[in-house]
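Listed here are the chains, written in short residue letters.
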Amino acid sequence: ETGVTQSPTHLIKTRGQQVTLRCSSQSGHNTVSWYQQALGQGPQFIFQYYREEENGRGNFPPRFSGLQFPNYSSELNVNALELDDSALYLCASSPDSGAAHNEQFFGPGTRLTVL
Amino acid sequence: DAKTTQPPSMDCAEGRAANLLCNHSTISGNEYVYWYRQIHSQGPQYIIHGLKNNETNEMASLIITEDRKSSTLILPHATLRDTAVYYCIVRVLSGNTPLVFGKGTRLSVIA
């Protein structure tokens, strides 16, 4: 069973640029959540996708957007990058949203640095 | 905002039990206590969860006080590989509600 994978592992961008981060969910999982983790902080929920639809969003501006594909992989897009967007971006997948306890399985993250 | 408070750090000797405390005084009746940990350079990893009864699995034990206002995660025989940040989270057991992380407790296991 393949776990959650993310690409790239590291990325450097400059202010104002746009970035796309990718996540492949664990086999059989149809829900993907994205989190942002600033240095020294816990992860903060950005949004969640369930069967290709956004299914919840945290307190992040619209320049943070996402997609989920028919194979349940997902992308996180961030436009007009700001210095404060520098963080570890984590993707987590989980099985069917209707189940009671849905353990979230996290990928290793993408480290984004904005200069 | 996170509904939990945890000590920022603690040390534990290798082979000894590590007891990690969490306060969640405003927990609601339908919220469960979850524990995750994050080893350096990795994503968080689920450890255990519970409602009001004590729980045990192959990784740890979870002790929840009778009033449910606090809990303790116990690693019975800590090893160097248990060095990580441990997060206590309260969460409704309903589908895929997002995880609300605080700053966690940084556990250092010392040889």
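Residues numbered from 1 in each chain as written. Chains lettered and ligands numbered in written order. Predicted model: local features only at pLDDT ≥ 70, side-chain atom pairs only at ≥ 80, totals over all residues. Heavy atoms only, no water.

(A) The arrangement of unusual backbone geometry in detail. Residue and element names in this part refer to chain A. The linkage connecting Ser7 with the following residue, Pro8, adopts the cis geometry, with an omega of -10 degrees. Here Pro8 is to be found in the loop between β1 (5-7) and β2 (10-13). Despite not being glycine, Ala80 shows a phi value in the positive range, around 45 degrees. Mapping Ala80 onto the fold places it in the loop between β8 (74-78) and β9 (87-94). (Helix = DSSP H or I, 4+ residues; strand = E, 2+ residues; numbered from the N terminus.)

(B) Region of the structure containing the side chain of His49 of chain B. With respect to the helices and strands, the residue His49 of chain B is situated in strand β4 (residues 45-50). Within the structure, His49 of chain B has its side chain in polar contact with the side chain of Tyr46 of chain B (distance 2.6 Å). (Polar contact = N/O pair within 3.5 Å; in protein donor to acceptor, adjacent residues only side chain to side chain.)

(C) View of the pattern of salt bridges. Residues and elements named next belong to chain A. This model, assessed by the stated rule, comprises six salt bridges over all chains. Between Arg63 and Glu82 there is a salt bridge, with the nearest N and O atoms lying 3.2 Å from each other. Of this pair, Arg63 sits in the loop between β6 (53-57) and β7 (64-68) while Glu82 sits in the loop between β8 and β9, and the two are 19 residues apart along the sequence. Overall, the relative accessible area of 40% leaves Glu82 in the partly exposed class. (Salt bridge = Lys/Arg side-chain N within 4 Å of Asp/Glu carboxyl O. Buried < 20%, exposed > 50% of the residue type's maximum accessible area, 1.4 Å probe, protein only.)

(D) A look at the interface of chain A and chain B. On the chain B side, the residues contacting the 25 residues of chain A number 21 residues. Summed over both partners, the interface of chain A with chain B comes to about 1600 Å²; 49% of that surface belongs to carbon and sulfur atoms. At the junction of chain A and chain B, the tally comes to five residue pairs in polar contact (both at pLDDT 80 or more). Counting only elements with at least two residues in the side of chain A that touches chain B, the list comes to β4 (31-37), β5 (44-50) and β9 of chain A. For the side of chain A that touches chain B, the per-class residue count stands at 10 nonpolar, 13 polar and two charged. (Contact = heavy atoms within 4.5 Å. Buried area = accessible area lost by both parts, 1.4 Å probe. Nonpolar A, V, L, I, M, F, W, Y, C, P; charged D, E, K, R; others polar.)

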